[in-house]
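Now for the letters of each chain:
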Amino acid sequence: MGRIIHVELTAIGLDSAAEFYAKAFGWQVTPSPFADGYLVAETGAGDGIDGAIMKREYQQQPTIVWIQVDDLEATRAAVVAAGGAADQEPQEIPGIGRVAYVRDPEGVVLGLRQPV
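Worth saying up front: this structure is predicted, and the values here are computed from it rather than measured.

A. Expanded view of the overall build of the protein chain. Across its full length, the protein chain holds 2 helices and 8 strands. Its C-alpha radius of gyration of 14 Å places the protein chain within 12% of the 13 Å reference for a compact globule of 116 residues. Structurally, the protein chain occupies a C-alpha span of about 40 × 35 × 25 Å along its principal axes. For the protein chain, the proportion of its 116 residues judged to be buried stands at 36%. In the protein chain, 50% of the contacts between residues at least 6 apart in sequence involve partners at least 24 apart. Element-wise, carbon and sulfur atoms account for 53% of the exposed surface of the protein chain, whose accessible area totals about 7200 Å². On the protein chain, the mean spot of the 8 positive side-chain charges and the mean spot of the 16 negative ones are 3 Å from each other.

Shown next, in the form of structure tokens:
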């Protein structure tokens, strides 16, 4: 199966991106022992995946990563407080939950989902 097990986010400002994800989502970010400009991100306990933040010079691809949250409104407020943006109002997807797009300070689009 093609199960997602990891995600990489690219950033021009590596340290500021790491600070944003730590503040907005509580991620624990540490430098990789294998690659310069590559930070390993532990995203929390339980179901889900971990990821990484790497220098944008390594890859330029756009990616939308979906992050499950307990409280959509509180998370949108945390994103804004950490320097990101919450441009659109949340929407309800029947049987799925509430969803919204936000952007980090680098302009990376993220999807947030609060399950039913």
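B. Expanded view of the pairing of strand 8 (residues 109–115). Inspection of the sheet shows strand 5 (residues 65–68) paired to strand 8 by 4 bridges, in the parallel sense. Note on strand 8: the bridge partner recorded for Ile67 is Leu112. Of the pairings in the sheet, the one linking strand 7 (residues 97–103) to strand 8 comprises 7 bridges and is antiparallel in character. Bridging across to strand 8, Val99 finds its partner in Arg113. Taking the residues between adjacent antiparallel strands as the criterion, strand 7 and strand 8 are bridged by 5 residues, where Gly107 takes a positive phi near 90°.

C. View of helix 1 (residues 14–25). For helix 1, spanning 12 residues, the distance from its first C-alpha to its last is 16 Å, which sits close to the expected 16 Å at 1.5 Å a residue. A positive phi of about 75° marks Gly26, the residue just after helix 1.

D. Highlighting the sheet that holds strand 5. Pairing is mixed across the open sheet formed by 4 strands, whose spatial order is 5-8-7-6. Two strands close off the open sheet at either side, each with one partner strand: strand 5 and strand 6 (91–93). This sheet shows a mean twist of 30° between the axes of neighbouring strands, independent of strand direction. Helix 2 (residues 72–81) contacts strand 7 and strand 8 of the sheet and is inclined by roughly 5° relative to strand 7.

The rules behind each value
- Residues numbered from 1 in each chain as written.
- Predicted model: local features only at pLDDT ≥ 70, side-chain atom pairs only at ≥ 80, totals over all residues.
- Heavy atoms only, no water.
- Helix = DSSP H or I, 4+ residues; strand = E, 2+ residues; numbered from the N terminus.
- Rg over C-alpha atoms; globule rule 2.2 N^0.38 Å.
- Buried < 20%, exposed > 50% of the residue type's maximum accessible area, 1.4 Å probe, protein only.
- Contact = heavy atoms within 4.5 Å.
- Areas by Shrake-Rupley, 256 points an atom, 1.4 Å probe, with all protein chains shown as cover.
- Lys, Arg positive; Asp, Glu negative; His and termini not counted.
- Charge placed at Lys NZ, Arg CZ, Asp CG, Glu CD.
- Pairing = 2+ DSSP bridges.
- Expected span 1.5 Å × (residues − 1).
- Axes fitted to C-alpha atoms, helices over the stretch in contact; angles between N-to-C directions.

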